[in-house]
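The lines below spell out each chain.
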Amino acid sequence: MSEKKCGYEKVNGLNMYYEIHGSGKPLILLHGQFATASMFDPILPELALHRQVVLIEQQGHGHTADINRPLSFAQMGRDTAELVSQLGITEADVFGYSAGGTVALHLAKSNPHLVRKLALASTIYSMDGYFPYIVEGIKHASADAFPLQMRQFGN
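Here's a quick rundown of the structure. Note that this is a predicted model, so its numbers are computed, not measured.

This part is about the pattern of salt bridges. Inspection of the entire model under this criterion finds 4 salt bridges. Here Arg-51 ties to Asp-93 by a salt bridge, and the two come within 2.7 Å at their closest N and O atoms. Note that Arg-51 is positioned in the loop between helix H1 (44–47) and strand S4 (52–57) and Asp-93 in strand S5 (residues 92–97), a separation of 42 residues in sequence. A residue is classified by how much of its surface remains accessible, and Asp-93, at 7% relative accessible area, is buried. Notably, a salt bridge pairs Arg-116 with Asp-93, separated by 3.0 Å at the nearest N-O pair. With Arg-116 in strand S6 (residues 115–121) and Asp-93 in strand S5, the pair connects residues that are 23 residues apart, well separated along the chain. Arg-116 sits in the partly exposed class, given a relative accessible area of 38%.

Right under this line is the structure:
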C-alpha cells in the first residue's frame, strides 16, 4: 500500500483525526454513523493508487473524541471544511456514505468552492420523507441496533 500520513488537527474545539494515503487529486471519504474511517479499508488500496485519499473521523467517532456540544451534520460539515483547509486542500472530490453523505451535503452547500465533485450513498438531507416510526427509531438509535458486521468496524 502507499505511504500513509495520519494525525490530529485542532478544529473548532475538536482534536480531529485524519489520514492521508497516496498522491494525486484529493478524494475525501466521509464515514457513516457509528463507523470510522476504517470502513473504507477494503477499497482504500485501489483508490490510493491514483488519488490522494483523505479519511476524516468526525466528532465522537473513532480517533476523534466527543466534546461537550451537540452533534449536528451542519457542524460536522464546518469541522470538515476547517480540517481540509488546515491540510492545505483547496479543492477535492468528496464521497460520503450515510451520515457521512449528509455531512458532505452540508460541506458542499456551505463551501461550494471546496467540492469539485460530490458522490453520495445511502444519504438523506431531510427526515421529511420518512415514516414517523423510522424518524423515532433514528432519534433513539444506538450501535446495538445495527448488525454485528457494522458494529465490528474498526475492531
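This part is about the packing of helix H2 (residues 73–86) against helix H3 (residues 99–110). Helix packing for two helices is described by the angle between their axes and how far apart those axes are. At their nearest, the axes of H2 and H3 sit 8 Å apart, and the two run at 70° to each other. Considering their axes alone, H2 and H3 lie roughly perpendicular with respect to each other. With respect to the hand of their crossing, H2 and H3 are arranged in right-handed fashion. Judged by residue contacts, Phe-73, Ala-74, Met-76, Gly-77, Thr-80 and Ala-81 of H2 engage Ala-99, Thr-102, Val-103, His-106 and Leu-107 from H3. Residue classes in the contact of H2 with H3 are distributed as 7 nonpolar, 4 polar and no charged.

Calculation notes
- Residues numbered from 1 in each chain as written.
- Predicted model: local features only at pLDDT ≥ 70, side-chain atom pairs only at ≥ 80, totals over all residues.
- Heavy atoms only, no water.
- Salt bridge = Lys/Arg side-chain N within 4 Å of Asp/Glu carboxyl O.
- Helix = DSSP H or I, 4+ residues; strand = E, 2+ residues; numbered from the N terminus.
- Buried < 20%, exposed > 50% of the residue type's maximum accessible area, 1.4 Å probe, protein only.
- Axes fitted to C-alpha atoms, helices over the stretch in contact; angles between N-to-C directions.
- Parallel < 35°, antiparallel > 145°, perpendicular 65-115°, else oblique.
- Left-handed = near helix turned anticlockwise from the far one by under 90°.
- Contact = heavy atoms within 4.5 Å.
- Nonpolar A, V, L, I, M, F, W, Y, C, P; charged D, E, K, R; others polar.

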